Structure formats: structure tokens, C-alpha cells
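# Structural overview
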Amino acid sequence: MGLQLSSNRREFLRHAGLTLGSTLLRTPFARAANINPKKKLVVVTFGGGARDQETFAPEGQENIPHMMRKLLPGATFFTQVVNRGILGHYVATASLATGVYETINNFASLPPENPTVFEYYRKDLKRPSSDAWVVAPSNGFNRIGESNHRSYGLGFGARVVLPKYLLKAAMSGSGADYQHLLRDNYENPYYTPELGNREFELQQLEMVLKLSATDFRAHAKTLSSPDELSLYIVRQLIRQVSPSFLWITMHDIDVAHAGAYSLYIEGIRRTDRLCGELWTLLESEPEYSGKTTLVVLPDFGRDADEDAGGNGFQHHRTGDAAARTTWLMAMGPGIREGVVHDRAVESVDLVPTLGTMLGFSPSFAHGKPISELV
Ligand SMILES: [Zn+2]
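As a starting point, this report considers the structure included with it.

The rules behind these values
- Residues numbered from 1 in each chain as written.
- Predicted model: local features only at pLDDT ≥ 70, side-chain atom pairs only at ≥ 80, totals over all residues.
- Heavy atoms only, no water.
- Helix = DSSP H or I, 4+ residues; strand = E, 2+ residues; numbered from the N terminus.
- Buried < 20%, exposed > 50% of the residue type's maximum accessible area, 1.4 Å probe, protein only.
- Areas by Shrake-Rupley, 256 points an atom, 1.4 Å probe, with all protein chains shown as cover.
- Phe/Tyr/Trp six-rings, centres within 6.5 Å; stacked < 30°, edge-to-face > 60°.
- Lys NZ or Arg CZ within 6 Å of the ring centre and 35° of its normal.
- Contact = heavy atoms within 4.5 Å.
- Donors = N, O, S within 2.8 Å, 3.2 Å for Na, K, Ca; no water.
- Core = buried A, V, L, I, M, F, W, Y, C linked by side-chain atoms within 4.5 Å.
- Axes fitted to C-alpha atoms, helices over the stretch in contact; angles between N-to-C directions.
- Parallel < 35°, antiparallel > 145°, perpendicular 65-115°, else oblique.
- Nonpolar A, V, L, I, M, F, W, Y, C, P; charged D, E, K, R; others polar.
- Pairing = 2+ DSSP bridges.
- Salt bridge = Lys/Arg side-chain N within 4 Å of Asp/Glu carboxyl O.
- Polar contact = N/O pair within 3.5 Å; in protein donor to acceptor, adjacent residues only side chain to side chain.

## Details of the overall build of the protein chain
Broken down by element type, the protein chain carries 13 helices and nine strands. Within the protein chain, the proportion of its 374 residues that are buried is 60%. When the accessible surface of the protein chain is split by element, carbon and sulfur atoms take 51% of a total near 14700 Å².

## Description of the packing of aromatic side chains
Considering all chains together, one arrives at 15 aromatic pairs under this definition. Chaining the aromatic ring pairs together yields one cluster made of F118, Y121, F245, W247 and F360. Sitting over the ring of Y288, K40 keeps its end group 4.9 Å from the ring centre. We note K123 situated over the ring of Y152; from NZ or CZ to the ring centre the distance is 4.8 Å.

## Some remarks on the side chain of T326
Topologically, T326 is positioned in strand β8 (residues 325–331). Apart from the residues within four sequence positions on either side, T326 is in contact with R9, A50, D52, T79, Q80, V81, P298, F300 and G301.

## What about the coordination of the zinc ion?
The coordination sphere of the zinc ion, as far as protein atoms go, consists of H89 (NE2), D254 (OD), D254 (OD), H257 (NE2) and H316 (NE2), spread over 2.0 to 2.5 Å. The motif formed by the donor residues of the zinc ion, counted along the single chain, is H-x164-D-x2-H-x58-H. Taken as a pair, H257 in the loop between β6 (245–249) and α11 (261–284) and H316 in the loop between β7 (292–297) and α12 (321–324) lie far apart in primary sequence, 59 residues in all. Exposure remark for H316: the relative accessible area of 4% places this residue in the buried category.

## Quick look at the nonpolar core
The biggest cluster of nonpolar side chains holds 64 residues, and the ones touching the most others in it are F46, F56, M67, F216 and L278. Per-element tally for this core: the top contributor is α11, with nine residues. Leave out the neighbours within four places in its chain, and F216 touches P163, L166, L167, A170, L205, L211, L229, Y232 and I233. In this structure, V43, I104, F360 and L373 belong to the second largest nonpolar core, which totals 42 residues.

## Some remarks on the packing of helix α6 (residues 163–170) against helix α10 (residues 226–240)
Taken N-terminus to C-terminus, the directions of α6 and α10 make an angle of 90°; their axes are 9 Å apart at the nearest point. In terms of orientation, α6 lies roughly perpendicular with respect to α10. Judged by residue contacts, P163, K164, L166 and L167 of α6 engage P226, L229, S230 and I233 from α10. For the contact of α6 with α10, a count of residues per class yields six nonpolar, one polar and one charged.

## Focus on unusual backbone geometry
Non-glycine residue K210 carries a positive phi angle of around 55°. Along the chain, the position of K210 falls in the loop between α8 (198–208) and α9 (213–220).

## A word on the pairing of β6
Among the five residues of β6, five are classified as buried, and the element is accordingly described as predominantly covered. Taken together, the five bridges between strand β2 (residues 40–45) and β6 define a ladder with parallel strand orientation. Looking across to β6, one finds that V43 is bridged to W247. Pairing between strand β4 (residues 132–135) and β6: four bridges, direction parallel. Across the sheet, residue V134 finds its bridge partner in β6, namely W247.

## Regarding the packing of α10 against α11
Close contact between α10 and α11 brings their axes to 11 Å; oriented N to C, the two are set at 10°. Considering their axes alone, α10 and α11 lie roughly parallel with respect to each other. Packed against α10, whose contacting residues are D227, E228, L231, V234, R235, I238 and R239, the element α11 presents R270, T271, R273, L274, E277, L278, L281 and L282 at the interface. For the contact of α10 with α11, a count of residues per class yields seven nonpolar, one polar and seven charged.

## Focus: the pattern of salt bridges
A full pass over the atoms with the stated rule returns 15 salt bridges. Among the ionic pairs, R84 bridges to E346, the shortest N-O distance being 3.1 Å. Here R84 is found in the loop between β3 (76–82) and α4 (89–98), whereas its partner E346 is found in strand β9 (residues 339–346), with 262 residues between them in sequence. Relative accessible area serves as the criterion here: at 23%, E346 is assigned to the partly exposed category. Notably, a salt bridge pairs E285 with R239, separated by 3.2 Å at the nearest N-O pair. Taken together, the positions of E285 in the loop between α11 and β7 and R239 in helix α10 put the pair 46 residues apart, joining distant regions of the chain.

## Thoughts on the environment of F56
Within the secondary structure, F56 sits in the loop between β2 and α3 (65–71). Separated by 271 residues in sequence, F56 and W327 have C-alpha atoms that sit 8.2 Å apart. Other than its neighbours up to four places away in sequence, F56 contacts F12, L13, Q61, I64, M67, M68, L72, F77, W327 and M329.

## Quick look at the environment of Q80
Along the chain, Q80 turns up in strand β3. Residue Q80 is classed as buried on the basis of its relative accessible area of 13%. Taking the C-alpha atoms as reference points, Q80 and W327, 247 residues apart in sequence, are found 5.4 Å from one another. One polar contact links the side chain of Q80 to the main-chain carbonyl oxygen of D342, over a distance of 3.0 Å.

Without other data, these values stay purely geometric and don't point to any function.
Right under this line is the structure:
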């Protein structure tokens, strides 16, 4: 299975006119740009579980026109990113954020056990708490910003915004108009977000994002999904706070658990559009334009159609090669444009790569910096 998948990967992007990369030599100038303190970093986890065949593989490319046309030509692309950890969305995202395959309960509200990239970033680079933010779906992700590691932890993490919590706090009376924006945890569809601390959420909304509850409610009515709500919050955050490090976790695609292929594809198409809108936003904001590194990658894939132990796109339960293998796209100052790499890297390589790019030391991370990006 692994070998078969690996040979198929050579077919990736064959029509996109991109070159297959080899060893790259970086110029001293590119290295200097890499440690520019004004540099911004945006990481997007592209949905909860997306397979190659519905995204960058030749037969999937029609689902991601914005990434194909707008992002890919300016990016370095990796066709094999292997996740050797637990294939649950919260624990996998925590692993991406720590550079260690975390083993925490995917369905519990627990912090990662190893220091997060936000803690390394803030502690090593002496950045204030306003400089690192996470925008995430709410099933467990409220603890993603900060580990319970004794050398880091308390006070060094990222601030976490949970758009669904904000919406719940801003709602008055019945939320009938907003149920589609509050859908949460597609593996357990009857779960809706608990409201943590309404005063805290309203304060975040009004003082940080500069949105009144009334305006937020009115705008939310025009949105079609939780990830659209997240992008709306990202837009406010970028304009009002301009954090140097922003991590966005998309989740709409995981509606696939409901079993309708059309909804899964619709989720991919929407996430693709939102990634395109995000890049346009970053390019149009003077604080970000020309100085932002953007990394986009799914947390993992989904089960293969031919795997007898699973149900194809619907779940990610078999642990087969399709579910463990995904892709990564990176673009920004110092990163080569229009290059595809076929060699395997791992999910846990992300944090060491970001560390080398930005000049912090993820000392507890297990992965290695991806040499083609740093
Ligand atoms: Zn899932």
C-alpha cells in the first residue's frame, strides 16, 4: 500500500507546470530575510482529514482551483507528509504544534504534553502574548495554545480564539439562525460547544476584535459554515491585532463523517476558497504583504476506498497509508516558488522547520527541519 501510494505521488501536479526540486542552495540574503523580526508566520491546517485524490492529485485538482492557481505557483510543495501519530483531529493538531506525536485523549479538553511552537516562539524571541494567536474549532481545541510542560507552559502560550464560543456568547435568546455555524465535532454530531465564560468571550469580541455583539450577530447571519466564521474572525484579528504568528485550524471538511461525498467535496471547495481569500487578505495588508510565510497542510488524510477495513472517504480509522499521508505547501520570503518535492517528510518536522525559519529552538520537538524550506 505504502509503495503504491508513493509511486502514485509522482503523478502529483504533473499538469501544473512545476519543477521537481532537488538540493537547493540558499543565498546569504535569503537567510538574512529569514530572521527579520518583522516577519509574519501564518499556519493553516487544511480541514480535518483531506485525501490527495480530492485535493492535489490530478483527479482532485478541480476541487481546489484557488490553491492551484493562486497559491501553488508561488509555493514549494511536498507531496508526502507522513503522520505516524494518532489520527484524531485535536491530538494530531497538537502533534503538529509540538513536533512530537502527542498521545493525549483526542476527545478531552487537555493541553499538549510537550511545549507548543507558540511557547518556543514567545519565550525564545521574547514576544508578548498579543503576538501569537490560534483560531480553532472548539472541540477540545481551547487548550491547544499552551502545554503543561514545566519549562514552558503557563503564560508563554498563544491566545486561542474559538469563533463558535464567541458566537454563542454574542447570541441573544434563540440561536435558531446560527445552528449551522455552531456544528462541532463531526464524529459526535450531537456535541455542541459549551460556553466557557461569556464575559471573557464578549470581552475578546469587543476589546480585542473591536466587534459589537450586535454587528457580529448580523454578520454571522451572512456566513455559511464554521470555517467561514473562522475566516471572518481571522480578518478582524489581522486588522485589529496584526499578530506575528497566527495558526488557523479549518474543520468543515470533516463533515465527511456524515457519509455524504458531496458534503465532503463541498467542504474541500470551501476550504480552498477560504485559503485563497486568506492569501488575498495577507497580500492586501501592509503589515503582512511581502513578509508573511504561509504554510498550509491537512492534519492527515482519510481512509482509502480499497481498504477493506474502512469506509473510504468517510472516516480515518484504518491507519492505512492514505489516512497517514498528506501534503504541505509553503510560500513566502526565502521559499522557492513553483517547486515540488516527492521525498517523505513527517508531520513532526513542521515545528523544527518553523524554528529554523524564525530563529527559535524547539528543543523538545522530535522532527527535523525540512532542509528545502530553511
Ligand atoms: Zn474526522
